[in-house]
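Structure assessment
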Amino acid sequence: DEEILSGHLAEATTSNAAESLRTHGFVILEPAAGAATTATTTTLVPSAVLEECIEAGFAHLDEMLSIAREAHSIDTETEIFRFAEICSRSRGGKRYDMTRPDGLCGGGAHGKRAVDAWENMARHCRTFVEPILVAAYGGKYDVKSVGCVTSEPGAPEQHFHNDGRPFGIFNAFCAFRPVTLEAGPTSFKNGSHLWDHDAAYVPSRTTKMQEKALVTTPELLKPGSLLVYDYRVVHAGSANTSDARRALGYAMFVRDDAPSDTWNFPSDESIFAKQIPESSK
């Protein structure tokens, strides 16, 4: 409680979290067992911030999906698509990644409110995450992007993948609501950030070892808790078998000597470049 209220991690907490990040490629930050049950001490990110992220982010997502269907003729549940504000990376995945576009405050009727909510969330994340990154790897870190990843009810499980290969990029996921096994938590292959992902040839023995690597799946991620992971770690979202949309906010921390992620969101193609035809409204 003292760490959460003060916004300052104890040296032992920072050291243990940094060791987990270096060793496993991920670490979860949440209130200690037996912590007080008042609203001010049970969440690393305040509950009011979480609720604003849900309301603003969902309104923003629903508007963009409507524009994608009506103005761009995209079947948003089955097709892959990429815009400056939103992308869906797998066919039939029912998963959407929203972000703050470079140089934009957020388009549409709800964009600015959503971006403001994510940036507020990121400020709270930074308080706890940055000291751990510095303890783990040194250097200086900036939050390069903020956003929200969602999976719709019925979203299938993902294939194991990493978000990128460069060292020095870390994502901090923030649970807006409880992420249970039914809602589709993210599974991680422990230590996979240390694999040689750029190897031109991987011996079959190494491949088999990687396939059998220990997999960790958090059974519950509490609201306001943070899941910090190395961009290189191999992970996969589980199927969302619940009847509710699962949403995780994120803040991407990039070390000052690391490249930025420029693949997923084409900065020159806004989803708002076309609007819904009047006849479809």
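Residues numbered from 1 in each chain as written. Predicted model: local features only at pLDDT ≥ 70, side-chain atom pairs only at ≥ 80, totals over all residues. Heavy atoms only, no water.

With 14 residues, helix H2 (residues 11–24) ought to run about 20 Å at 1.5 Å a step, and its terminal C-alpha atoms sit 20 Å apart, in line with that. Along H2, the residues that are buried comprise Thr14, Ala17, Ala18, Ser20 and Leu21. Buried residues of H2 fall within an arc of 160° about the axis and therefore sit on the same side. Facing away from the buried side of H2 by more than 90 degrees, the exposed set consists of Glu11 and Ala12. The secondary structure elements touched by the buried residues of H2 are strand S1 (26–29), helix H4 (111–137), strand S6 (169–175) and strand S11 (226–230). Phi turns positive, to about 95°, at Gly25, one or two residues after H2. (Helix = DSSP H or I, 4+ residues; strand = E, 2+ residues; numbered from the N terminus. Expected span 1.5 Å × (residues − 1). Buried < 20%, exposed > 50% of the residue type's maximum accessible area, 1.4 Å probe, protein only. Arc of directions from axis to C-beta. Contact = heavy atoms within 4.5 Å.)

Strand order in the open sheet made by the 8 strands is S1-S11-S6-S13-S5-S4-S3-S2, with antiparallel pairing throughout. At either end of the open sheet lies a strand with only one pairing partner, and these are S1 and strand S2 (81–82). Where H2 meets the sheet, its contacts fall on S1, S6 and S11, and the angle it forms with S1 comes to roughly 150°. Here H4 sits on the sheet and contacts S1, strand S4 (95–99), strand S5 (141–151), S6, S11 and strand S13 (246–255); the angle it forms with S5, its principal contact strand, is near 120°. (Pairing = 2+ DSSP bridges. Axes fitted to C-alpha atoms, helices over the stretch in contact; angles between N-to-C directions.)

With glycine set apart, most residues show a phi of negative sign, and most peptide bonds adopt trans. A positive phi angle is found at Ser73, which is not glycine, with a value near 55°. You can see Ser73 is positioned in the loop between helix H3 (47–70) and S2. A residue is classified by how much of its surface remains accessible, and Ser73, at 60% relative accessible area, is exposed.

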